[in-house]
Amino acid sequence: GGLASGYQGAKREISKYYDRSKGLFGETTGLMSVTFHKSEKLCGSQAIDQLYKQGKRFVVWPLRVTYLIVDQAPTQVLVWAPKSLFKHAVDRNRLRRQMREAYRLNKYLLDESGKYFQLAFNYTDKQMQDYHLIDKAMRKAAEDEAKAIKEQKQKIKDWKSGLKALEKKERKLQKKAHKAYKKR
């Protein structure tokens, strides 16, 4: 009982599967820092309102992810477990702790995209789920976000190359029109 089954027990359970040089499931994370600094915590009602008003949403069960791409570093995160679903503060705190831990271990996937985000992870399931399920959802959310950024970069690159091709055609047409005008 006591601490052994509480936080320390959960910490011991996670440490069985987690190695700092590798991710939770054995993949290499490099030498990147796996900390969660205070500066990474999204706070302030204006920033949170802006995120929920302008941000895009998607669901990776049991999480609903709201994100907004921003210019300033670092990526900031808000984790939320609703009081309407979990009446006991200890349950909400446990879920928030698990979501922060899952983000901390998988944030390297977002850092590889080269963009900065404001993120909100809202827990949506009515039942408390196992940590591994939350970690899996967090990993999928980060991978989906990184994939969306890569696709967006590719679209911009394609658009720019298409624009260059159009400009080249326009110059050719202008030269032809100029030659035709000179012949008159």
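A. Spotlight on the packing of aromatic side chains. Evaluated as defined, the whole model comprises four aromatic pairs. Geometrically, the ring pair formed by F36 and Y103 is edge-to-face, given 5.8 Å between the ring centres and 85° between the ring planes. With a gap of 67 residues between them, F36 in the loop between α1 (7-17) and α2 (45-54) and Y103 in helix α3 (residues 89-111) connect regions that are remote in the sequence. F36 gets classed as partly exposed once you look at its relative accessible area, which sits at 26%. Overall, Y103 belongs to the buried group, its relative accessible area being 3%.

B. Representation of a positive patch on the surface. There is a patch of like positive charges on the surface, built from K168, K169, R171, K172, K175, K176, K179 and K183. Within the fold, K169 resides in helix α4 (residues 131-183). Judged by its relative accessible area of 56%, K169 falls in the exposed class.

C. Molecular detail of the side chain of N122. Mapped onto the secondary structure, N122 falls in strand β4 (residues 116-123). A distance of 3.1 Å separates polar atoms of two side chains, one belonging to N122 and the other to Y52. Those residues within four positions of N122 in sequence are excluded, and the remaining contacts are Y52, P62, L63, R64 and W80.

D. Focus on the sheet that holds strand β1 (residues 56-60). Ordered in space as β1-β2-β4-β3, the four strands form an open sheet in which the pairing is mixed. Of all the strands in the sheet, the pair left with one neighbour each is β1 and β3 (76-80). Taking each pair of neighbouring strands and ignoring which way they run, the sheet shows an average axis angle of 20°. For strand β2 (residues 63-70) and β4, the ladder comprises eight bridges, and the chain directions are antiparallel. Note on β4: the bridge partner recorded for Y67 is L119.

Reading guide: rules and limits
Residues numbered from 1 in each chain as written. Predicted model: local features only at pLDDT ≥ 70, side-chain atom pairs only at ≥ 80, totals over all residues. Heavy atoms only, no water. Phe/Tyr/Trp six-rings, centres within 6.5 Å; stacked < 30°, edge-to-face > 60°. Helix = DSSP H or I, 4+ residues; strand = E, 2+ residues; numbered from the N terminus. Buried < 20%, exposed > 50% of the residue type's maximum accessible area, 1.4 Å probe, protein only. Patch = residues over 30% accessible without salt bridge, like charges linked within 9 Å, V, L, I, M, F, W, Y side chains within 5 Å. Areas by Shrake-Rupley, 256 points an atom, 1.4 Å probe, with all protein chains shown as cover. Salt bridge = Lys/Arg side-chain N within 4 Å of Asp/Glu carboxyl O. Lys, Arg positive; Asp, Glu negative; His and termini not counted. Charge placed at Lys NZ, Arg CZ, Asp CG, Glu CD. Polar contact = N/O pair within 3.5 Å; in protein donor to acceptor, adjacent residues only side chain to side chain. Contact = heavy atoms within 4.5 Å. Pairing = 2+ DSSP bridges. Axes fitted to C-alpha atoms, helices over the stretch in contact; angles between N-to-C directions.

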